[in-house]
Amino acid sequence: MCLEPDRLEYLLTFQGNLVNRLGFSDLGLFGPTVLENLAGFLAIESDISALMLEAENPHEQPDPLDMTRIHPEDYEFAQKMCQDALDLDAEDVADQHKSQVVQQLMMDDSRGRKMSELNLDDFAFNLQRQGEGNKRHTLGEIVNELISYRADRRPAFYIPNEWEVMQMLTGENERTIGRGLRVTATVRKALSGRVFCELDSGLDAILERDYVSDDPESISSCQDVFSTRQSIKAVVILPEPSRFQVKLSTRQSDMSQGATFIQPFREDPYNDLEKQAVAEDASTLRKRRKAGAVKRVVNHPNWHVMNSGQAELYLAPLQRGDVVIRPSSKGADHLAVTWKVDEDVYQHIDVTELDKPNEYSVGRLLRVGGKYTYSDLDELIINHVKATARKLDEVQLHEKYRPEDELGALRTWSPGMVAHDRNLLEELRPGSPWSKHVRILHR
């Protein structure tokens, strides 16, 4: 919104002087809604050292905060921050203009150090508890304005070089498509004398016929070798960041000299190369195992694709005895069964599949622990998991069963315990038939 200079001069001439930001509304220059949106962008310059602020009639006096980008709604926060930065109590500023501490701080040459000592996180947390919302960013901007008001804090402009522009637009740089690096490209169009390709990042790549083979005479046309959407391995022979393209070669002599990446750091003589080789081999094996892993889909209501931790989280709100059947990390001929024993107690069962029709199907025989065999998953759940859960219920209903908290009380028993605990101790005394079970539980 723009206010014509002639109208502003007319209003100020006949309606009074513009002393502070509140005058924009008092003189009828802007309505309340427009002023709320514009207030931070309308500055009233004044000589801060010449301001004589008084406690009476603050609305008729200039305010040093009107020189900043701070919104009038946040003046109270700025005044409180200045008071804390100057280490003043509420009694010290009770009889002053509310912004006099702001004037004092803005004239202090060490204001940057003093403002940096404020704990803005705690201040923002307290404001949020009071219903002011999240003001952390606002408080940071207030600090910047009080240190250097209306300053241009944008970084210095510079013209990026060709490689920097390339990285900003495509993500590629000298370390990824530099000369001599091996890349993977997809053929978009094959002509007689050249092939137009595209890298994974979308960057254009060109393969000339002379760079297809070490024997150029054996290639009469690139169309005989390459087809659309074909994936090829090549090496970069000429990156052209100014044209957003690279030139490739698939000649065996160039490929043998290419590198998959640029080593970011030099080899340290103190590195344990043997451990490094073992770790690299293990990482490669894991990647191959993951790439070749069969993504199984078992047609059963209890089947879920998750690991052991996710299975426990899934079963946490469910009833005791509920089951999750999931893939096993031991291979395609294994299944894992997780069931809820009790609150925060779970059992993970390894199930071996025997007589599998194929790698995707469930085995015709399911073996648990090397000795229990079941014909299908439902039989395993009913005759193994549910049967174990019933046995657990029987144990807990036994007259000799004691919960863990009572066992903890027994550990701390002393001769001064009350008399009604003696019957319990008599049942669990050493030498009694049940005492050996108590010792097992204590372990």
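Residues numbered from 1 in each chain as written. Predicted model: local features only at pLDDT ≥ 70, side-chain atom pairs only at ≥ 80, totals over all residues. Heavy atoms only, no water.

**Examining the sheet that holds strand S6 (residues 323-327)**
In sheet architecture, strand pairing relies on hydrogen bonds along the backbone and comes in two forms, parallel and antiparallel.
Turning to step 1, where the next piece is worked out: Spatial ordering of the open sheet is given by S6-S7-S8-S9-S10, a layout of 5 strands whose pairing is antiparallel. Each end of this open sheet is capped by a strand with a single partner; those strands are S6 and strand S10 (372-374). On average, each strand axis in the sheet is tilted by 30° relative to the strand beside it, whichever way the strands run.
Turning to step 2, where the next piece is worked out: The sheet contact formed by strand S9 (residues 365-368) and S10 spans 3 bridges and is antiparallel. Paired with Leu 366 across the strands is Tyr 374, a residue of S10.
Turning to step 3, where the next piece is worked out: In this fold helix H13 (residues 308-315) packs onto S6, strand S7 (334-342) and strand S8 (345-354), with an angle of close to 160° to the strand it touches most, S6. (Pairing = 2+ DSSP bridges. Helix = DSSP H or I, 4+ residues; strand = E, 2+ residues; numbered from the N terminus. Axes fitted to C-alpha atoms, helices over the stretch in contact; angles between N-to-C directions. Contact = heavy atoms within 4.5 Å.)

**Observations regarding the packing of helix H4 (residues 75-85) against helix H8 (residues 136-147)**
Turning to step 1, where the next piece is worked out: With their axes 10 Å apart at the nearest point, H4 and H8 run at an angle of 65° to one another. By the criterion of interaxial angle, the relationship of H4 to H8 is roughly perpendicular. As H4 packs across H8, the resulting crossing turns out to be right-handed. Contacts between H4 and H8 involve Phe 77, Ala 78, Met 81 and Cys 82 from the first element and Leu 139, Ile 142, Val 143 and Leu 146 from the second.
Turning to step 2, where the next piece is worked out: Taken together, the residues of the contact of H4 with H8 sort by class into 8 nonpolar, no polar and no charged. (Parallel < 35°, antiparallel > 145°, perpendicular 65-115°, else oblique. Left-handed = near helix turned anticlockwise from the far one by under 90°. Nonpolar A, V, L, I, M, F, W, Y, C, P; charged D, E, K, R; others polar.)

**So, the packing of aromatic side chains**
Turning to step 1, where the next piece is worked out: For the structure shown, the criterion picks out 1 aromatic pair.
Turning to step 2, where the next piece is worked out: Here the aromatic rings of Phe 24 and Phe 30 are separated by 5.7 Å at their centres, their planes lie at 40°, and the arrangement is tilted. Grouping residues by exposure puts Phe 24 and Phe 30 together as buried. (Phe/Tyr/Trp six-rings, centres within 6.5 Å; stacked < 30°, edge-to-face > 60°. Buried < 20%, exposed > 50% of the residue type's maximum accessible area, 1.4 Å probe, protein only.)

**Considerations on the side chain of Ser 328**
Turning to step 1, where the next piece is worked out: Checked against the element boundaries, Ser 328 lands in the loop between S6 and S7.
Turning to step 2, where the next piece is worked out: Among the polar contacts listed, one links the side chain of Ser 328 to the backbone nitrogen of Lys 330, at a separation of 3.1 Å.
Turning to step 3, where the next piece is worked out: With residues near it in sequence (within four places) discarded, Ser 328 still touches His 334, Leu 335, Ala 336 and Asp 350. (Polar contact = N/O pair within 3.5 Å; in protein donor to acceptor, adjacent residues only side chain to side chain.)

**Details of the state of the cysteines**
Turning to step 1, where the next piece is worked out: One pass over the structure, following the stated rule, counts 0 disulfides.
Turning to step 2, where the next piece is worked out: Free cysteine: Cys 197, not disulfide-bonded; nearest cysteine sulfur from Cys 222 at 9.4 Å.
Turning to step 3, where the next piece is worked out: Classification of Cys 197 as buried rests on a relative accessible area of 0%. (Disulfide = S-S within 2.5 Å.)

**Side note on H4**
Turning to step 1, where the next piece is worked out: Counting buried positions along H4 yields 8 of 11 residues, so the element is predominantly enclosed.
Turning to step 2, where the next piece is worked out: Every buried residue of H4 is accounted for by Tyr 75, Phe 77, Ala 78, Gln 79, Met 81, Cys 82, Gln 83 and Ala 85.
Turning to step 3, where the next piece is worked out: Here the buried face of H4 lies against helix H5 (100-106), helix H6 (111-116), helix H7 (120-129) and H8.
Turning to step 4, where the next piece is worked out: Residue Asp 87 follows H4 closely and has a positive phi angle near 60°.

**Considering the side chain of Arg 21**
Turning to step 1, where the next piece is worked out: Along the chain, Arg 21 falls in the loop between helix H1 (5-15) and helix H2 (22-26).
Turning to step 2, where the next piece is worked out: Since its relative accessible area comes to 4%, Arg 21 is described here as buried.
Turning to step 3, where the next piece is worked out: A distance of 2.8 Å separates a polar side-chain atom of Arg 21 from the backbone oxygen of Leu 42.

**Some thoughts on the pattern of salt bridges**
Turning to step 1, where the next piece is worked out: Using the criterion set out here, one finds 20 salt bridges in the structure.
Turning to step 2, where the next piece is worked out: Here Arg 194 ties to Glu 208 by a salt bridge, and the two come within 3.2 Å at their closest N and O atoms. Of this pair, Arg 194 sits in strand S2 (residues 194-199) while Glu 208 sits in strand S3 (residues 204-208), and the two are 14 residues apart along the sequence.
Turning to step 3, where the next piece is worked out: A residue is classified by how much of its surface remains accessible, and Glu 208, at 19% relative accessible area, is buried. (Salt bridge = Lys/Arg side-chain N within 4 Å of Asp/Glu carboxyl O.)

**Examining the pairing of strand S5 (residues 245-249)**
Turning to step 1, where the next piece is worked out: Within S5, 4 of the 5 residues are buried, leaving the element largely enclosed by the surrounding structure.
Turning to step 2, where the next piece is worked out: Here S3 pairs with S5 via 4 bridges, running parallel. By the bridge assignment, Leu 207 is partnered in S5 with Leu 248.
Turning to step 3, where the next piece is worked out: When strand S4 (residues 231-240) meets S5, the two strands line up antiparallel, connected through 5 bridges. Bridge pairing in S5 places Glu 240 opposite Gln 245.
Turning to step 4, where the next piece is worked out: Taking the residues that link successive antiparallel strands as the turn, the S4-S5 hairpin has 4 residues, and the phi of Phe 244 there is positive, at about 55°.

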